Amino acid sequence: MTEKYEAAKIEKKWQDIWAKNKEFEPKNDYTLTKKYILSMFPYPSGRIHMGHVRNYSISDVIARYYRKQNFNVLHPIGFDSFGMPAENAAIKHKIHPRKWTYENIEYMSKELASLGFSFSKERELATSDPIYTKWEQSFFIKMFEKGLVYRKSAIVNWCEHDQTVLANEQVEDGCCWRCGNEVIQKELPGYYLKITDYADELLKDLKILEGNWPNQVLSMQENWIGKSTGLEFKLFLDDESKKILNNKFDGFEVFTTRPDTIYGVSYAALAPEHAVVRELLNGDTLDENAKAKIKSILNQSPRQRQANEKDGVFLGIHVLHPLTGEKIPIWVANFILADYGSGAIMAVPAHDERDYEFASKFKLPIKVVVKPENGEIPSDKANSEYGISINSPLIDGKKTNEAKEIIIKKFQNENLGKKITNFKIRDWGISRQRYWGAPIPIVHCKKCGVVCEKLENLPVSLPDDVQITGEGNPLDKHPSWKFTKCPKCGGDAVRETDTMDTFFESSWYYARYASDPKTWQDVALDKKSVDYWLNVDQYVGGIEHAILHLLYARFFQKALRDLGYLKDDEPFAKLLTQGMVLKDGKKMSKSKGNTVDPDDIIKRYGADTARLFILFAAPPQKELEWNDSAVEGAFRFLNRLYDRALNVKKCDKIPSIKHENLSKNEKFARLKVYEALKKSKEVFTQTFAFNTLIAACMEALNALNSQDNDDVNAEGFFIILNLLEPIVPHIACELSQELFGRANFGDIKILDEVFQTDSMMLGITINGKRRAEIEVSSQADEAEILSLAKTAVAKWLDGKEIIKEIYVKGKLVNLVIKG
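What counts, and at which threshold
- Residues numbered from 1 in each chain as written.
- Predicted model: local features only at pLDDT ≥ 70, side-chain atom pairs only at ≥ 80, totals over all residues.
- Heavy atoms only, no water.
- Pairing = 2+ DSSP bridges.
- Helix = DSSP H or I, 4+ residues; strand = E, 2+ residues; numbered from the N terminus.
- Axes fitted to C-alpha atoms, helices over the stretch in contact; angles between N-to-C directions.
- Parallel < 35°, antiparallel > 145°, perpendicular 65-115°, else oblique.
- Left-handed = near helix turned anticlockwise from the far one by under 90°.
- Contact = heavy atoms within 4.5 Å.
- Nonpolar A, V, L, I, M, F, W, Y, C, P; charged D, E, K, R; others polar.
- 1 Å grid on protein atoms, 1.4 Å probe; cavity = no way out; pocket = protein on both sides within 12 Å on 5 of 7 lines; lining within 4 Å.
- Points joined across faces, edges and corners; volume = space filled by probe spheres on them.
- Buried < 20%, exposed > 50% of the residue type's maximum accessible area, 1.4 Å probe, protein only.
- Lys, Arg positive; Asp, Glu negative; His and termini not counted.
- Salt bridge = Lys/Arg side-chain N within 4 Å of Asp/Glu carboxyl O.
- Phe/Tyr/Trp six-rings, centres within 6.5 Å; stacked < 30°, edge-to-face > 60°.

(A) The arrangement of the sheet that holds strand 33 (residues 801–808) in detail. Spatially, the four strands line up as an open sheet ordered 32-31-34-33, and their pairing is mixed. Every other strand in the sheet has two partners, leaving strand 32 (769–777) and strand 33 as the edge strands with one partner each. Taking each pair of neighbouring strands and ignoring which way they run, the sheet shows an average axis angle of 20 degrees. Where strand 31 (residues 759–766) and strand 34 (residues 812–818) come together, four bridges link them in parallel fashion. Across the sheet, Ile-766 pairs through a bridge with Leu-815, a residue of strand 34.

Here is the structure:
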């Protein structure tokens with residue numbers, strides 16, 4: 001050991017040793033108890049940022065801990081490498097997306113290695129690798145054959161800037177989640193995954209995850225899936241309205257979860273995409289102002305419409321109330337979504353807040369048909385609570401649940417409607433009009449129609465000779481790539497030029513990691529190895545992926561299970577969502593100019609300092625505020641640790657110590673060391689509050705510094721370096737090798753004897769107010785303790801009468817006085 005802590009030298013030494021010995025490669029012995037620890041893989045943007053450092057530090061700490069507990073650990077890394085940024089870089093820097101992507105992967109891989117992350121190198125992958133594309137395309141074909149993939153034309157979210165379709169989840173405040181430009185609505189053909197086929201199971205299986213996933217994530221997914229049961233029925237147009245619509249429609253379907261409010265319907269509302277609205281837009285009954293307003297709403301994304309003030313247009317047509325025959329006006333409204341239910345509603349403004357806001361704005365009737373069981377009927381807002389039906393001939397006086405069933409029964413008996421279950425979740429549109437993605441393995445043949453490519457012809461690879469200008473789809477413009485032969489008849493055909501949404505790639509990567517890499521060329525997923533490793537024991541990533549990635553991955557797990565590839569119902573047993581890294585109270589970003597380059601921190605202080613700070617500054621689930629002085633503090637602690645280790649006695653096993661023969665300071669030092677060991681068990685199995693474990697190690701080191709027993713010192717370092725190895729692995733390995741030959745890297749037993757102290761500190765309070773603290777023998781009885789307590793606070797008792805003496809064992813004495 002050198003006399004001075006030299007982080008760069010130590011870190012390079014151990015990174016070389018780990019790589020040479022392949023210390024982080026999982027064993028192929030499937031009889032061993034396994035732990036699969038996974039953090040969400042990065043996009044290869046060029047350089048890692050502090051969010052990456054935090055994410056991978058958390059998973060690395062967990063992986064290293066379980067290796068020391070003799071688990072067979074899989075802790076892989078890869079790159080989510082398809083997507084628009086590579087095409088943007090191609091335009092900006094005149095470089096091919098493939099070259100840009102793989103140069104970034106090479107650089108970022110070195111950055112990740114420089115932080116000492118214990119990733120499996122043999123399982124590293126990029127989703128743009130041709131072999132990954134091959135198996136992904138095979139999944140698409142299998143899903144297509146099973147009916148889980150279909151093609152349809154639909155109104156989609158369109159980013160004019162990126163020239164691509166976006167899923168609803170990818171539209172944020174009316175803008176593209178990637179480039180930030182405004183999203184418009186456009187009708188296009190595309191491919192969809194039938195995630196709705198699994199909606200019920202996706203919802204039901206959230207119960208499996210309770211207690212192991214954050215409640216917030218579970219709630220977000222439950223709301224997104226949005227299950228509801230109610231009545232579906234048809235509202236029929238009156239004769240005049242049928243004529244206006246050229247007799248192309250006789251009515252439209254609506255769905256309600258509150259059939260008991262049927263008598264309160266005062267208008268019907270349609271989404272602007274509804275077929276009835278389109279017919280009117282193509283005709284001449286609506287004036288130009290009405291048409292302009294409808295078209296304006298059409299160009300807003302669903303989220304933007306929901307956020308805006310309620311707005312709409314009366315369409316000049318009516319439907320008939322199914323029970324009373326009353327004429328009901330039909331409006332187009334911005335709060336009706338085309339892809340939820342039928343894109344049409346019966347509006348009951350007295351009992352639905354959105355209906356109420358719309359009716360209030362346009363002065364439409366508000367009919368109260370439910371009164372509260374207790375209290376008054378509100379006059380200034382909708383009452384959506386259950387209660388007693390009023391002004392409703394069939395169900396007057398009935399409670400809501402009974403009233404609902406009566407109405408449903410009437411509609412079903414008279415063939416007016418039926419009871420159904422609806423889901424808010426929509427099928428997942430995966431078609432993207434861009435080059436840098438996995439081509440959809442479909443061929444369009446004039447004779448055979450839509451045909452899947454043959455499995456033996458996969459992968460359908462991207463052409464390298466493309467012109468990426470930012471306008472349109474480069475694959476569609478390529479002079480030859482799309483022209484091919486039909487796999488079925490052999491005739492001339494055209495390839496599908498859309499590529500897959502990148503979430504398709506990230507929905508199954510966790511399973512690919514689990515597959516033995518020796519089989520990667522031959523099969524998508526090796527059954528023996530994936531059955532052993534899956535599901536993921538601990539998943540780590542940002543809560544911003546609560547709906548998008550996590551929901552899609554759960555769907556893929558179930559779909560691949562049903563296709564015979566996987567066996568588990570859920571992909572991730574436990575989920576930890578880490579908070580963002582902030583600086584000056586804001587999320588770090590280049591645009592705000594508040595980033596901190598991990599490379600600079602490593603160069604100045606070393607990787608262990610970066611890891612120590614990032615894990616000590618806040619619990620993983622909380623936001624972390626960058627603090628330069630705290631980074632300096634972490635560096636100083638590692639220097640103290642190293643300096644103190646220079647005087648530690650070397651040994652090849654933990655020293656045997658007779659606790660009863662030790663001094664007070666020596667016993668206290670052991671207590672602090674074993675408190676830290678005890679804390680580690682709690683941290684790694686329950687809380688992941690690594691900051692509390694680091695604090696416990698710091699306290700233990702301070703206690704060791706207050707005594708000079710060589711055996712106590714050696715035992716303390718034997719344990720502390722074990723606890724710190726997952727957090728600061730380079731310095732911990734260096735010191736552990738020098739002092740103990742790394743014999744301390746295993747499971748260490750907690751000794752009960754160190755918690756049996758000779759004395760204890762007790763607080764003394766008078767009438768609940770703390771007045772003093774005393775140290776008493778652990779063997780002292782209550783009478784002795786009370787006597788010592790009264791002596792310690794005698795000046796506050798002078799001339800007072802003690803009316804009650806309370807001893808809380810091991811904690812405090814409270815004296816109640818008067819006078």
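(B) Focus on the packing of helix 10 (residues 275–282) against helix 11 (residues 288–298). Look at helix 10 against helix 11: their axes get within 11 Å of each other, and the N-to-C directions meet at 135 degrees. In terms of their interaxial angle, helix 10 and helix 11 are classed as oblique. Like other packed secondary-structure pairs, helix 10 and helix 11 cross with a definite hand, here left-handed. Note on element contacts: helix 11 touches helix 10 through Lys-291, Ile-294 and Leu-298, opposite Val-277, Leu-280 and Leu-281. In terms of residue class, the contact of helix 10 with helix 11 is made up of five nonpolar, no polar and one charged.

(C) Broad picture of empty space enclosed by the protein. Applying the stated rule across the entire model yields two cavities of 30 Å³ or more. Of the volumes computed, that of the largest cavity is approximately 90 Å³. What lines the largest cavity is a set of 13 residues, and nearest its centre among them are Tyr-65, Gln-69, Ser-680, Asn-722 and Leu-723. Mapped by element, the contributors of at least two residues to the lining of the largest cavity are helix 2 (50–68), helix 23 (664–687) and helix 25 (710–724). When residues in the lining of the largest cavity are grouped by element, the largest group, four residues, is from helix 23.

(D) Molecular detail of the pairing of strand 33. Direction of pairing for strand 33 relative to strand 34: antiparallel, over a ladder of seven bridges. Bridged to Glu-805 within strand 34 is Leu-815. Hairpin connection of strand 33 to strand 34: three residues between the antiparallel strands, including Gly-810 at a positive phi of 75 degrees.

(E) Here's a closer look at the packing of helix 22 (residues 628–645) against helix 24 (residues 690–705). Where helix 22 contacts helix 24, the two axes come as close as 12 Å, and the packing angle between them is 40 degrees. One finds that helix 22 runs oblique with respect to helix 24. Taken as a pair, helix 22 and helix 24 cross one another with a handedness that is left-handed. The residues of helix 24 that touch helix 22, namely those facing Phe-637, Leu-641 and Arg-644, are Met-698, Leu-701, Leu-704 and Asn-705.

(F) Molecular detail of unusual backbone geometry. Here the bond from Leu-458 into Pro-459 is cis, since omega is 0 degrees, no more than 30 degrees from zero. By the secondary structure assignment, Pro-459 is in the loop between strand 22 (449–452) and helix 15 (474–477). Put simply, Leu-534 and Asn-535 share a cis peptide bond, and its omega is 5 degrees. As for its placement among the helices and strands, Asn-535 is situated in the loop between helix 18 (527–533) and strand 26 (538–542). Located in the positive-phi region is Asn-247, a residue other than glycine, with phi close to 55 degrees. One can find Asn-247 in the loop between helix 9 (239–244) and strand 11 (251–256). If you check the backbone angles, Arg-742 has positive phi at about 60 degrees while not being a glycine. Its location among the elements puts Arg-742 in the loop between helix 26 (729–740) and strand 31. The class for Arg-742 is partly exposed, based on a relative accessible area of 23%.

(G) Focus on the side chain of Glu-136. Position of Glu-136 relative to the elements: it lies in helix 5 (residues 130–146). No salt bridge is formed by the buried Glu-136; its nearest oppositely charged neighbour, Arg-512, is found at 9.5 Å. Not counting residues up to four positions away in its chain, the partners in contact with Glu-136 are Ala-438, Met-500, Phe-504, Glu-505 and Trp-508.

(H) Quick peek at the packing of aromatic side chains. Tallied over the full model, the rule gives 44 aromatic pairs. Look at Tyr-30 and Tyr-532: their rings are 4.6 Å apart centre to centre, the planes differ by 25 degrees, and that puts the pair in the stacked class. Of this pair, Tyr-30 sits in the loop between helix 1 (7–21) and strand 1 (34–39) while Tyr-532 sits in helix 18, and the two are 502 residues apart along the sequence. Assessed through its relative accessible area of 12%, Tyr-532 is described here as buried. A ring pair is formed by Tyr-150 and Tyr-192, whose centres lie 5.7 Å apart and whose planes are at 20 degrees; its orientation type is stacked.

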